[in-house]
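For reference, the chains in residue letters:
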Amino acid sequence: MTTICQIAILEKLLDNNENGVVTHALSQELSQKYGESFNPTLFDVACNIIIDYCDTGGQNVWGGTGLY
């Protein structure tokens, strides 16, 4: 689920250019799409990973992005 969330976040970032991502709205969208499989905690983890890559190039992320 973390990878799915990361991909969704990155897609929104690319679609919105510099306007960013409204994470609450995206979280709701993913919750509707994936139902009980959606995990808000893993969504937060995914957000933090993407934020770190945007801010530091991933200096605080262990083991890479997790994107496969």
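Just so you know, these numbers come straight off a predicted model, no measurement behind them. (Residues numbered from 1 in each chain as written. Predicted model: local features only at pLDDT ≥ 70, side-chain atom pairs only at ≥ 80, totals over all residues. Heavy atoms only, no water.)

Peer 1: Explain the pattern of salt bridges to me, and be specific about the residues and the numbers.
Peer 2: Tallied over the full model, the rule gives 1 salt bridge. Residue Glu-29 is joined to Lys-12 by a salt bridge in which the shortest nitrogen-to-oxygen separation is 3.4 Å. Residue Glu-29 is found in helix α2 (residues 23–34), and its partner Lys-12 is found in helix α1 (residues 2–16); the two are separated by 17 residues along the sequence. For Glu-29, a relative accessible area of 41% gives the class partly exposed. (Salt bridge = Lys/Arg side-chain N within 4 Å of Asp/Glu carboxyl O. Helix = DSSP H or I, 4+ residues; strand = E, 2+ residues; numbered from the N terminus. Buried < 20%, exposed > 50% of the residue type's maximum accessible area, 1.4 Å probe, protein only.)

Peer 1: Which residues make up the packing of α1 against α2, and what are the values?
Peer 2: At their nearest, the axes of α1 and α2 sit 11 Å apart, and the two run at 130 degrees to each other. Overall, the two elements α1 and α2 adopt an arrangement that is oblique. The two elements α1 and α2 cross, and the hand of that crossing is right-handed. Touching Ile-4, Cys-5, Ala-8, Ile-9 and Lys-12 of α1 are Leu-26, Glu-29, Leu-30 and Tyr-34, all from α2. Class assignment of the residues belonging to the contact of α1 with α2 gives a composition of 7 nonpolar, no polar and 2 charged. (Axes fitted to C-alpha atoms, helices over the stretch in contact; angles between N-to-C directions. Parallel < 35°, antiparallel > 145°, perpendicular 65-115°, else oblique. Left-handed = near helix turned anticlockwise from the far one by under 90°. Contact = heavy atoms within 4.5 Å. Nonpolar A, V, L, I, M, F, W, Y, C, P; charged D, E, K, R; others polar.)

Peer 1: With reference to specific residues and values, describe helix α3 (residues 40–56).
Peer 2: Side chains three or four residues apart in an α-helix point the same way, a direct result of the helix having 3.6 residues per turn. Helix length check: α3 (17 residues) gives 24 Å between terminal C-alpha atoms against 24 Å at 1.5 Å per residue, within 8%. Structurally, α3 contributes buried residues whose contacts are with α1 and α2. In this structure Asn-39 caps α3, since a side-chain oxygen of it lies 2.8 Å from the backbone nitrogen of Thr-41. Of the residues flanking the end of α3, it is Gly-57, one or two places downstream, whose phi is positive at about 80 degrees. (Expected span 1.5 Å × (residues − 1). Polar contact = N/O pair within 3.5 Å; in protein donor to acceptor, adjacent residues only side chain to side chain.)

Peer 1: Residue-level account of the environment of Cys-47, with values.
Peer 2: With respect to the helices, strands and loops of the structure, Cys-47 is situated in helix α3. We classify Cys-47 as buried; its relative accessible area is 10%. Between the C-alpha atom of Cys-47 and that of Trp-62, which follows or precedes it by 15 residues, the distance is 15 Å. Setting aside residues up to four positions removed in sequence, Cys-47 forms contacts with Ile-9 and Thr-23.

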